[in-house]
Amino acid sequence: MVKILKLRNGIEIDEEKSLGKLKFLDKKSPSLVLGEDGEPTGEIKDRRYDILSKLQHDSFTVILPAETEEKAFPFNSTVKLINPVVENYAIPNGRYVDAGIRVTADDIILVNKVSSIKNATIPEKK
């Protein structure tokens, strides 16, 4: 029997060791809340951004809470994730399963801004 690993709270990662230098690629359309009729209500569910990991040699989407300010960073600017968490997911697809990871974070900031706030306290994940 196969044991299914359930990571209910995701995996907190060391961004520098796991992802290396991160580059901002693009802003995606935010996810919207759907009403009972299945139509978008106009309320933002979360914000999504494409990020390039130099260490992984691949890009991925980072999901931020809806409350975060919309980001409009220049293409290819170096960024840092605040409290990144990796979650696994699986979507049944007939006789197969599409599996992957989802990266969430509290915020994304420009690296040059990191030095100006290095004395500030970064909030811990609850």
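Let me sum up the structure you'll find in this document. (Residues numbered from 1 in each chain as written. Predicted model: local features only at pLDDT ≥ 70, side-chain atom pairs only at ≥ 80, totals over all residues. Heavy atoms only, no water.)

1. Quick word on the nonpolar core
Alright, step 1. Counting 16 residues, the largest nonpolar core has L22, I51, F60, V62, V79, L81 and I108 as its most contacted members.
Alright, step 2. Breaking this core down by element, the ones donating at least two residues are β2 (22-27), β4 (40-53), β5 (58-65), β6 (78-82) and β9 (107-110).
Alright, step 3. Looking at this core element by element, the count peaks at three residues for β5.
Alright, step 4. In contact with I51, not counting residues within four places along its chain, are L22, K23, F24, L25, D58, S59, F60, V62, V79 and I108. (Core = buried A, V, L, I, M, F, W, Y, C linked by side-chain atoms within 4.5 Å. Buried < 20%, exposed > 50% of the residue type's maximum accessible area, 1.4 Å probe, protein only. Helix = DSSP H or I, 4+ residues; strand = E, 2+ residues; numbered from the N terminus. Contact = heavy atoms within 4.5 Å.)

2. As for unusual backbone geometry
Alright, step 1. The phi torsion at H57 lies on the positive side, around 55°, for a residue other than glycine.
Alright, step 2. Along the chain, H57 falls in the loop between β4 and β5.
Alright, step 3. With a relative accessible area of 71%, H57 lands in the exposed category.
Alright, step 4. Positive phi outside glycine occurs at N76, with the angle close to 70°.

3. Digging into the environment of T61
Alright, step 1. Assignment of secondary structure puts T61 in strand β5.
Alright, step 2. A residue is classified by how much of its surface remains accessible, and T61, at 23% relative accessible area, is partly exposed.
Alright, step 3. Not counting residues within four places of it along the chain, the set of residues in contact with T61 comprises K28, R48, Y49, D50 and V103.
Alright, step 4. Engagement of the side chain of T61 in a polar contact is seen with the side chain of K28, the distance being 3.4 Å.
Alright, step 5. A polar contact of 2.9 Å, which involves the side chain of T61, links it to the side chain of D50. (Polar contact = N/O pair within 3.5 Å; in protein donor to acceptor, adjacent residues only side chain to side chain.)

Structural measurements only, silent on function.
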